[in-house]
Amino acid sequence: MAKSIAANSIYNFLLKFFRLIMPVLVSSYVIRTLDEQLYAEYLSASTWLDFALIFGVFGVTAYGIREAARVRDDREKSRRLFSSLFSINLVTNSVVLVAYIAIVLFSMESMTRAIYLTLGFKVFANIFLVEWLNEAMENYRFITIKTIVVRLIYMVLIFLFIHKPDDVVKYCVIIVATDFLNNILSFIYINKRIPLSFRGLEIGRHILPLISMLVISNVNMLYTQLDMMALDRTVSSLALADYRIPRDITNMIANLLSSVVMVAVPRLSYYRGNDQHEEYHKLLHQGYRSFMLVVFPACMGFACLAREVIELYTNSSVYNGAIPVLILFAVRTVETSVYTVCANQIFYVYNQERVLVRLLLSCGLLNVVFKVLLIAGGIFTPVTAVATTILSEIVLMVLLFWFTQKRLGIDFHFFTRENLLYLLLSLTFIPITLAVHVLDLGAVLNAVIIIPVCMAVYFGALLLLKDETMWFLTRKALRMFFGRFMH
């Protein structure tokens, strides 16, 4: 394998930064600029559009990465897979787009309709979503450069055209236009290397696995997606904003951190497909330890700085209700990060999607029961919504670990010695944060003091304790960035 996992990780980290963090930072400006009710309506439309996109994607992204990684050394098989999955995606997105437009036209009022219809063209842009093939081919250099350029264009357009409280439709246009640009550039790039052809398509053999992936994507609706739709319909769009803003912020962390997980999936699939079991287990455990070393302090840091994050992000007391929600979401991110490893590096690689579907469905239905009880009891709020979702996902994690250990025979645990060390060191952030809060220096100065002090305590302690993973990552970083000066 010519392409380095370490180099791909760096490219993928940069990719996640510009794909996720930059839009979130720009969203801070948008939140401050747009009218609170109009922004809440945008979040409502975006929530329901995300639901529609689940059916448009039809599981192609996750399925495509795994399958393309297995045949990437065979140009003809890669071409056939690309053409078949693109054809399926074309049909599913077209059907979803027609249904979406029809529902909006007959059920929405004028301003709300304009927001929904404009965002709806993301479904059309989704037809050209072929990033899964670039990722399977480990074309992270291209993906990263393209994404940086597109996101910079996005940022410039936001600051050029979004100035008034009622510019929400303009905001939607910019989102759709840059999504389309991002997708079409990837389509052109990959189509030059693996030309699309509608001859010899293999549609039938992909349908059942894709339905399985679709169910997995749909099951996500029984977790945070269900929470958002229920809040929007039973409480208010502003309550949805109190839930959605923290969720988007923590999703930023989770997706950025998962770059370490996802970049290794094609390599793990390759090892598994070629019966290189020792290499698979070594890479799985090495990546997991490195991942959790960063996950614990990142999540604890956001929990401790929840007040500062919401204040700096929104600059409005309207969203103070989002502070406790952000704390809970930060805790949940530890849980979802481990799920990302289990699902992508173990269950998908071992072709255990059906088992994963059953487990997700069972715990998702448990979450539905929790929500019904909360609504019936009149205590359904953003805080109780995320709290009960966490409980459902804890049950899910217990079942995932049990299946991994007992049925797949993989020695994979949450409560490892390393994880307990990372957790305990992360808990030192709490007294540090409380001590700085006593000084009451304001959000900016609080963050400027707390972040470097916590980082110094955490990573310094790991180096002093001679943590194996910390030393491995440190040596790796030194070789990558300063190697040329050490020869």
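Structure: above.
This text gives an overview of the structure that appears in the document. In this text the structure is predicted, and so the values were computed from the model without any measurement. (Residues numbered from 1 in each chain as written. Predicted model: local features only at pLDDT ≥ 70, side-chain atom pairs only at ≥ 80, totals over all residues. Heavy atoms only, no water.)

**Let's talk about the nonpolar core**
- Formed by 134 residues in total, the largest nonpolar core has its most connected members in Y42, F82, W132, Y171, Y280 and M292.
- Residues in contact with Y42, not counting those within four places in the same chain, are I115, L119, V168, Y171, C172 and I175. (Core = buried A, V, L, I, M, F, W, Y, C linked by side-chain atoms within 4.5 Å. Buried < 20%, exposed > 50% of the residue type's maximum accessible area, 1.4 Å probe, protein only. Contact = heavy atoms within 4.5 Å.)

**Here we look at a nonpolar patch on the surface**
- Taken together, L424, L427, I430 and L434 make up a surface patch of nonpolar side chains, about 360 Å² in accessible area.
- Every element with two or more residues in the nonpolar patch is listed here: helix 19 (417–427) and helix 20 (429–439).
- Mapped onto the secondary structure, I430 falls in helix 20. (Patch = residues over 30% accessible without salt bridge, like charges linked within 9 Å, V, L, I, M, F, W, Y side chains within 5 Å. Areas by Shrake-Rupley, 256 points an atom, 1.4 Å probe, with all protein chains shown as cover. Salt bridge = Lys/Arg side-chain N within 4 Å of Asp/Glu carboxyl O. Helix = DSSP H or I, 4+ residues; strand = E, 2+ residues; numbered from the N terminus.)

**Here we look at the layout of surface pockets**
- The calculated volume of the second largest pocket comes to roughly 500 Å³.
- In this structure, the second largest pocket is lined by 20 residues; those nearest its centre are V334, E335, I394, F414 and F415.
- Split by residue class, the lining of the second largest pocket holds 16 nonpolar, 2 polar and 2 charged. (1 Å grid on protein atoms, 1.4 Å probe; cavity = no way out; pocket = protein on both sides within 12 Å on 5 of 7 lines; lining within 4 Å. Points joined across faces, edges and corners; volume = space filled by probe spheres on them. Nonpolar A, V, L, I, M, F, W, Y, C, P; charged D, E, K, R; others polar.)

**Points about helix 16 (residues 322–347)**
- Along its length, helix 16 shows its largest kink, about 25°, at T333.
- In terms of residue burial, helix 16 counts as a mostly covered element, since 21 of its 26 residues are buried. (Bend = angle between axes of the 7 residues up to and from the residue.)

**What about the packing of aromatic side chains?**
- Within this structure, the stated rule accounts for 23 aromatic pairs.
- A centroid spacing of 3.6 Å and a plane angle of 5° characterise the contact between F142 and Y189, whose relative ring orientation is stacked. Of this pair, F142 sits in helix 7 (residues 140–161) while Y189 sits in helix 8 (residues 168–193); the two residues are 47 residues apart in sequence, bridging distant segments of the chain. When sorted by exposure, F142 lands in the same class as Y189, which is buried.
- Ring geometry for F296 against F414: centres 6.2 Å apart, planes inclined by 55°, an arrangement best described as tilted. Taken together, the positions of F296 in helix 14 (residues 277–304) and F414 in the loop between helix 18 (382–406) and helix 19 put the pair 118 residues apart, joining distant regions of the chain.
- By relative accessible area, which is 6% here, F296 ends up buried. (Phe/Tyr/Trp six-rings, centres within 6.5 Å; stacked < 30°, edge-to-face > 60°.)

**Side note on unusual backbone geometry**
- Even without a glycine there, the phi angle at N351 is positive, about 55°.
- Looking at where N351 falls in the secondary structure, it is placed in the loop between helix 16 and helix 17 (353–376).
- By relative accessible area, which is 42% here, N351 ends up partly exposed.
- Backbone geometry at D440 places phi at a positive 50°, although glycine is not the residue there.
- Looking at the secondary structure, you find D440 in the loop between helix 20 and helix 21 (443–464).
- Judged by its relative accessible area of 61%, D440 falls in the exposed class.

**Observations concerning the pattern of salt bridges**
- Per the stated rule, a full pass over the model turns up 15 salt bridges.
- Among the salt bridges present, the one from R244 reaches D50, with a minimum N-O distance of 3.8 Å. With R244 in helix 11 (residues 237–257) and D50 in helix 2 (residues 36–57), this residue pair connects regions lying 194 residues apart in the sequence.
- On the basis of relative accessible area, D50 is assigned to the partly exposed category, the value being 23%.
- Taking the shortest distance from any N to any O, the salt bridge between D232 and R233 comes out at 3.1 Å.
- Among the residues examined, R233 registers a relative accessible area of 54% and is labelled exposed.
- One salt-bridge network, in which partners are shared between bridges, spans E76, R79, R80, E202 and R205.

**A short note on the packing of helix 10 (residues 224–234) against helix 18**
- Running from N to C, helix 10 and helix 18 cross one another at 160°; their axes reach a closest spacing of 10 Å. Taken as axis vectors, helix 10 and helix 18 run roughly antiparallel relative to one another. Taken as a pair, helix 10 and helix 18 cross one another with a handedness that is right-handed. Contacts between helix 10 and helix 18 involve T224, D227 and L231 on the former and, on the latter, P382, A385, V386 and T389.
- Here the residues of the contact of helix 10 with helix 18 are counted per class, giving 4 nonpolar, 2 polar and 1 charged. (Axes fitted to C-alpha atoms, helices over the stretch in contact; angles between N-to-C directions. Parallel < 35°, antiparallel > 145°, perpendicular 65-115°, else oblique. Left-handed = near helix turned anticlockwise from the far one by under 90°.)

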